[in-house]
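Fold and geometry: a report
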Amino acid sequence: MPNYRILFCASEAYPLIKTGGLADVAGSLPHALHKLKHDVRLVLPAYQSLMVSLKTRPTLRYQTRVNDYPVAILQTTLPGTRVPMWLVDCPPLFDRPGNPYHDEQGVPWEDNAQRFALFSQVIVQLANNQCGMDWQPQVVHCNDWQTGLVPALLNEQEQAPATVFTVHNLAYQGVFDRATFEQLKLSEHLWHHDRLEYYGGFSFIKGGLVFADRISTVSPTYAMEIQTPAFGHGMQGILQGRAAYLSGIINGIDERTWNPGTDKLIAQTYNWQQIKKKLVNKQALQQHFKLDQQDDVFVMGVVSRLAEQKGIDLLIDILPQLMDMPLQLVILGSGDKDSERALQDAAEKFQGKLGVHVGYDESLAHLIEAGIDVFLMPSRFEPCGLNQMYSQRYGSLPVVTPVGGLSDTVMDASEQNIKESIATGFVMPEVSDMALLKTIEQARQLYREQAVWQVLQRSAMQANFSWANSAEAYVALYTLALRDRLLP
Ligand code: ADP
Ligand code: GLC
């Protein structure tokens, strides 16, 4: 197998800065590639909170000006790995408190176009070995709209590294107006509906979808879905046109972070041979949320961004019926303010049965995964989804909608699958509140047959979600991307 030089570009990476699954991927795929002996380097914006969380001071490697902004490139390694990491330091754009994409009210930073255009332009300079690093990648691997301009800009050059663009979520496209396009001084040639132009504005993500040598997304099913109007968010035409260059590679899970056998954030470690020990986590979870202390009650959990995508409104709709059933529910999430309020009000009303924590809390997320019996993920669409895999690893069976990566990673508890001992969760027949209610009831009934339940738990805990397989699939994709480019 060849050893590639890969520049991996992302707008977030665990454990430094995380708003969702992209960070989990950017924090573990480069490490998996490194373990396969590829020379991979990660590049991220030097956000304020990221800089604060670094344990050692990065070294200054290069200084320049881009679009009249001062830019420094700092070097360190991704914590917990030996992957070299470059940080694009531009204080006017990245040195501000809070979230990478929006302010405390959830309003996108108004200079997001400038921020991620500059990030992309610096990546292009790194890709061209113009920053004094004495290193040039063969493949530039971009992720989501924040790095979408990179393939478009590299495409303007004769000799450029190959590009791979991974779609983690097509709902976020980085769309801005004509005036911004002009401000960014992008080449007029890109202003065309076959290129960046999009209904009178322009879209960063089109840079990746149109110009990358290969496009991937994070599950085979989502790769098919996004070619249809129902899931394409307006990009289905482009994606159909590039179908021959589009594929789906399922995400892995980081065993160092998500492993019930070694997890330091849970009350009691356990593995598939000692499932009974999991109960200690249920007790700790009930205590945390002040729920009735009851060992045999059916406990369900949610850890999620509260966004339209995640179908939390379906769950809110059926809360009254659920709260009439003998079960408990804990929810950790933040995002949409109406959902936050509705959940908090419901928690007041159903004390002892429903626990809600609005916010972002890494260790509570782990305790929930370990303490529940069933994880709910009623997503309207789900490119891959990580929590349904984390849940399986923790012996907490997922209840999911039949979409995207959820379809690809959960084996439904159908009669046949149970008979063959391959079931690992519950796949709803459709995306609706009634299907959710019915499937929860089905899971609750099966929970009463503990012997069968434990067979499902063991299959779920032993399912192979390793990054090694997916990293190899990316390497194969790099080979394809490079096939058309003649860089050494
Ligand atoms: P998405 O990226 O669409 O949000 P994923 O399932 O791929 O969905 O990844 C979500 C990641 O973010 C998981 O690691 C999950 O545990 C984490 N997460 C989401 N919301 C919270 C929260 N409120 N507190 C802690 N972790 C969260
Ligand atoms: C996105 C998707 C999620 C996926 C994650 C990582 O945020 O919503 O389904 O798991 O990216 O690829």
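Shown above is the structure to which this text applies.
Residues numbered from 1 in each chain as written. Chains lettered and ligands numbered in written order. Predicted model: local features only at pLDDT ≥ 70, side-chain atom pairs only at ≥ 80, totals over all residues. Heavy atoms only, no water.

Turning our attention to the packing of helix α10 (residues 279–288) against helix α14 (residues 362–371). Between α10 and α14, the shortest axis-to-axis distance is 8 Å and the interhelical angle comes to 125 degrees. In terms of axis orientation, α10 runs oblique to α14. Handedness of the α10/α14 crossing: left-handed. Listed contacts from α14 to N281, K282, A284, L285 and H288 of α10 are L364, L367, I368, A370 and G371. Among the residues forming the contact of α10 with α14, the class breakdown is six nonpolar, three polar and one charged. (Axes fitted to C-alpha atoms, helices over the stretch in contact; angles between N-to-C directions. Helix = DSSP H or I, 4+ residues; strand = E, 2+ residues; numbered from the N terminus. Parallel < 35°, antiparallel > 145°, perpendicular 65-115°, else oblique. Left-handed = near helix turned anticlockwise from the far one by under 90°. Contact = heavy atoms within 4.5 Å. Nonpolar A, V, L, I, M, F, W, Y, C, P; charged D, E, K, R; others polar.)

Further remarks concern the site of ligand 1. Around ligand 1, the surrounding shell holds 21 residues, and the nearest of these are K18, G21, D24, R305 and K310. Here a nitrogen atom of ligand 1 sits 3.0 Å away from a polar atom, N or O, in the main chain of D361. Note that an oxygen atom of ligand 1 is positioned 2.9 Å from one of the backbone N or O atoms of L386. Those elements that provide at least two residues to the shell around ligand 1 are α1 (21–35), β13 (298–306), β14 (327–335) and α15 (387–393). The element contributing the most residues to the shell around ligand 1 is β13, with three residues. Grouping the constituent residues of the shell around ligand 1 by class yields seven nonpolar, eight polar and six charged. (Near = heavy atom within 4 Å. Polar contact = N/O pair within 3.5 Å; in protein donor to acceptor, adjacent residues only side chain to side chain.)

The next thing to look at is the packing of α1 against helix α20 (residues 467–483). Look at α1 against α20: their axes get within 9 Å of each other, and the N-to-C directions meet at 75 degrees. By the angle between their axes, α1 is roughly perpendicular relative to α20. Contact residues: V25, S28, L29, A32 and L33 in α1; W467, A471, Y474, V475 and Y478 in α20. Partitioning the contact of α1 with α20 into residue classes produces nine nonpolar, one polar and no charged.

Of all residues adjacent to ligand 2, which total 14 residues, the nearest are H168, N251, E382, C384 and G385. Between G385 and ligand 2, the recorded distance is 2.8 Å, taken from a backbone N or O atom to an oxygen atom. Starting from 310 Å² of accessible surface for ligand 2 in isolation, the protein chains cover 93%. Per element, the largest residue contribution to the shell around ligand 2 is three residues, and it comes from α1. In the shell around ligand 2, the residues fall into six nonpolar, six polar and two charged. Of the domains in this structure, domain 1 (5–252 + 468–486) and domain 2 (272–464) are the two that each give at least three residues to the shell around ligand 2. (Areas by Shrake-Rupley, 256 points an atom, 1.4 Å probe, with all protein chains shown as cover. Domains from an automatic or database assignment.)

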